Amino acid sequence: MKKDMLDINKLAGFIAQNGLSFVAAMDAATMAVGKTSLINGWHDDAPSMEPAKSYYKAGKLALIHSEVSEALEEIRLGQDEDEEIADVIIRCMDYCFENDIAIGNKIIEKMMQNVTREYRHGGKKL
């Protein structure tokens, strides 16, 4: 898809015209995911002091990676990876909830940055 076909302003306009807020929707979903994890005991062992906090965060990122690996395995087996991709997103949202990351705004900021980049970021192969 060519860059001139990607118009973030049109996307933002569509969201606004339809009474939708991407940021608000992402924040609400992140809150729901995080609270569900909290209620189900997945935050009980979260440390508050360094260096344990960094190790805990690294472990949470490893769990996200494990879900990506499970999605890859589904593809290798010729099966649908939809459920595993949902797990990736859920784990990412939970990570954001635990670490006070306003992911909706960050996604918009990153999309705006990506629109300005060169094709394949200047020639990257992968």
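Residues numbered from 1 in each chain as written. Predicted model: local features only at pLDDT ≥ 70, side-chain atom pairs only at ≥ 80, totals over all residues. Heavy atoms only, no water.

### Re the state of the cysteines
For the structure shown, the criterion picks out zero disulfides. Free cysteine: Cys92, not disulfide-bonded; nearest cysteine sulfur from Cys96 at 6.7 Å. On the basis of relative accessible area, Cys96 is assigned to the buried category, the value being 9%. (Disulfide = S-S within 2.5 Å. Buried < 20%, exposed > 50% of the residue type's maximum accessible area, 1.4 Å probe, protein only.)

### Examining the pattern of salt bridges
Scanning the model with the defined rule gives four salt bridges in all. A salt bridge links Lys106 to Glu109; the nearest nitrogen and oxygen atoms lie 3.5 Å apart. Here Lys106 and its partner Glu109 are both found in helix H5 (residues 103–115), three residues apart, which amounts to about one turn of the helix. (Salt bridge = Lys/Arg side-chain N within 4 Å of Asp/Glu carboxyl O. Helix = DSSP H or I, 4+ residues; strand = E, 2+ residues; numbered from the N terminus.)

### What about the confidence of the model for the protein?
When pLDDT is averaged along the protein, the result is 86, and 86% of the positions lie at 70 or above. Throughout residues 1–6 the model reports pLDDT below 50, and contacts reaching past four residues in sequence, or to other chains, amount to seven contacts. (pLDDT = per-residue confidence, 0-100. Contact = heavy atoms within 4.5 Å.)

### Thoughts on the packing of helix H2 (residues 22–39) against H5
For the pair H2 and H5, the least separation of the axes is 7 Å and the interaxial angle reads 135°. Our classification of the angle between H2 and H5 gives oblique. Contacts between H2 and H5 pair Phe22, Val23, Met26, Asp27 and Thr30 from the former with Ile103, Gly104, Asn105, Ile107 and Ile108 from the latter. Residue composition of the contact of H2 with H5, by class: six nonpolar, three polar and one charged. (Axes fitted to C-alpha atoms, helices over the stretch in contact; angles between N-to-C directions. Parallel < 35°, antiparallel > 145°, perpendicular 65-115°, else oblique. Nonpolar A, V, L, I, M, F, W, Y, C, P; charged D, E, K, R; others polar.)

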